[in-house]
Amino acid sequence: MLATILHGPGDVRCEEVSEPKILKPTDAIIKLSASCICGSDLWPYRGANEVTAPLSMGHEYCGVVVEVGGAVRNVKPGQFVVGSFCLSDNTCPHCRFGFQSSCEQREFMTGAQAPYARVPLADGTLVATADLPADDLIPSLLATSDVLGTGWYAADAAGVQEGSTAVVVGDGAVGLMGVLAARQMGAERIIAMSRHKTRQDLAMEFGATDIVSERGDAGVARIKELTEGVGATSVLECVGTQESMSQALACARPGGKIGFVGVPHGVTFDGQNLFFQQKSLLGGPAPVRRFLPYLMDLVLDRAINPGKVFDLELPLADVAEGYRAMDERRAIKTLLRF
């Protein structure tokens, strides 16, 4: 079968590889209905993460189970499933506490930019729908696998609740999903920090009440102006750079919460400054499995349409163009159909 392989910065190819097989009794093989390119895939593509050997790309996935290992009990062939990018047993103490992304058996999904994929820890990772979903719901169900779940975690970690003011730092796909999540959680005011018109428009459609195009100190000043000098109760950091994290900290009010889900690159903290900020920080890899059943129900009930974040759809053979388009900001997020 054809699959996406990253050989080095800027060098992504669609190549022939062997179809996946059951390697452990806890595995499942799924036939993917769709996959996509994640913003975090751009870190190695841009050379920010070292690539020492060819990488099988893809960790967002949904599709139909075709085979299961002998120990799998919760899913069966023929079922449509969605799984998290963090693979978990969903039974260890950390999973039961709601942090499946810190599972004692945690693995990270790979190889999902392909027609078939092997999913380890299938019982704890995969969530099945009652019936095969309508085709138009596939993009939104795919979004629950990572990008929506991650944006949702950012809002949850930032303590978004009814009547709160939330600031979203980052206008990529995760940031836009953070806007959607904050709206669903009842935030009264949602300030999206974005400099790109198409992303601003989608943020407003997802529920943003204000757009701030400034960055750095100017962006912080604008947030303070909009909040009468107080700052935001909740801030969602969805980028992972020093600038975005510093901006997020500065935008939160004392006692406020920052949910950070952008994979950090070059981010450092000054202990003295952090001490006197008096703000809470919670983040890391999103425990998507905690939210999956609820988010999937919202999609299946057509209460939300996160699939709108996919603004470019390509066949797998053109995956390199999908990476280029996202790298050059010509696309927010690329959907791959099989």
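One can find the structure itself at the top, above this paragraph.
This structure is a prediction, so every number in the text was calculated from the model and none was measured. (Residues numbered from 1 in each chain as written. Predicted model: local features only at pLDDT ≥ 70, side-chain atom pairs only at ≥ 80, totals over all residues. Heavy atoms only, no water.)

Colleague: Looking at this structure, I do not really get the sheet that holds strand β16 (residues 280–283). What am I missing?
Modeller: The pairing of strands in a sheet comes from backbone hydrogen bonds and takes either a parallel or an antiparallel form. The strand order across the open sheet formed by six strands is β13-β12-β11-β14-β15-β16, and the pairing between neighbours is parallel. Looking at strand neighbours, the two that pair on one side only are β13 (210–212) and β16, the edges of this open sheet. Averaged over all neighbouring strand pairs, the angle between strand axes comes to 20 degrees, with direction disregarded. (Pairing = 2+ DSSP bridges. Helix = DSSP H or I, 4+ residues; strand = E, 2+ residues; numbered from the N terminus. Axes fitted to C-alpha atoms, helices over the stretch in contact; angles between N-to-C directions.)

Colleague: Please clarify how the packing of aromatic side chains should be interpreted in this entry.
Modeller: Centre distance and the angle of the planes are the two values used to describe a pair of aromatic rings. Taken as a whole and judged by the stated rule, the model has five aromatic pairs. Taken together, a centroid distance of 5.9 Å and an interplanar angle of 65 degrees make the contact between Trp152 and Tyr294 edge-to-face. With Trp152 in helix α5 (residues 147–157) and Tyr294 in helix α11 (residues 288–300), this residue pair connects regions lying 142 residues apart in the sequence. Relative accessible area serves as the criterion here: at 7%, Trp152 is assigned to the buried category. Taking relative accessible area as the criterion, Tyr294 reaches 47% and is therefore assigned partly exposed. Relative to Phe276, the ring of Phe275 lies with its centre 5.0 Å away and its plane at 90 degrees, an arrangement referred to as edge-to-face. The class of Phe275 is exposed, set by a relative accessible area of 62%. Among the residues examined, Phe276 registers a relative accessible area of 60% and is labelled exposed. Following the ring pairs from residue to residue traces out a cluster consisting of Phe97, Phe99 and Tyr153. In this arrangement the basic side chain of Arg290 is found over the ring face of Phe99, its NZ or CZ atom lying 5.0 Å from the centre. (Phe/Tyr/Trp six-rings, centres within 6.5 Å; stacked < 30°, edge-to-face > 60°. Buried < 20%, exposed > 50% of the residue type's maximum accessible area, 1.4 Å probe, protein only. Lys NZ or Arg CZ within 6 Å of the ring centre and 35° of its normal.)

Colleague: Explain the packing of α5 against helix α6 (residues 173–184) here, please?
Modeller: For any two helices packed against each other, the geometry is given by the interaxial angle and the distance between the axes. At a minimum axis separation of 7 Å, α5 and α6 run at an interaxial angle of 55 degrees. The angle between the axes of α5 and α6 places the two elements in the oblique class. Every pair of crossing elements has a handedness; the one defined by α5 and α6 is right-handed. Residue-level contacts link Val147, Leu148, Thr150, Gly151, Trp152 and Ala155 of α5 to Ala173, Val174, Met177, Gly178, Leu180, Ala181, Ala182 and Gln184 of α6. Taken together, the residues of the contact of α5 with α6 sort by class into 10 nonpolar, four polar and no charged. (Parallel < 35°, antiparallel > 145°, perpendicular 65-115°, else oblique. Left-handed = near helix turned anticlockwise from the far one by under 90°. Contact = heavy atoms within 4.5 Å. Nonpolar A, V, L, I, M, F, W, Y, C, P; charged D, E, K, R; others polar.)

Colleague: Explanation requested: the nonpolar core in the structure shown.
Modeller: Within soluble globular proteins, side chains that are nonpolar generally end up buried alongside one another. By size, the foremost hydrophobic cluster in this structure holds 56 residues, and its most contacted members are Leu148, Trp152, Val160 and Leu236. Counting residues per element, this core draws most heavily on α6, at eight residues. Residue contacts for Trp152: discarding those within four places in its chain leaves Ala181, Gln184, Met185, Phe291, Tyr294, Leu295 and Leu298. With 16 residues, the next largest nonpolar core counts Val65, Val75, Val81 and Leu126 among its residues. (Core = buried A, V, L, I, M, F, W, Y, C linked by side-chain atoms within 4.5 Å.)

Colleague: Just checking my understanding: could you explain the packing of helix α8 (residues 216–226) against helix α9 (residues 242–251) for this structure?
Modeller: One can describe the packing of α8 onto α9 by two numbers: an axis separation of 9 Å at closest approach and a directional angle of 25 degrees. Classified by the interaxial angle, the pair formed by α8 and α9 is roughly parallel. Crossing angle aside, the handedness with which α8 passes α9 is right-handed. Where α8 approaches α9, its residues Gly216, Val220, Ile223 and Lys224 are matched on the opposing element by Glu243, Gln247, Ala250 and Cys251.

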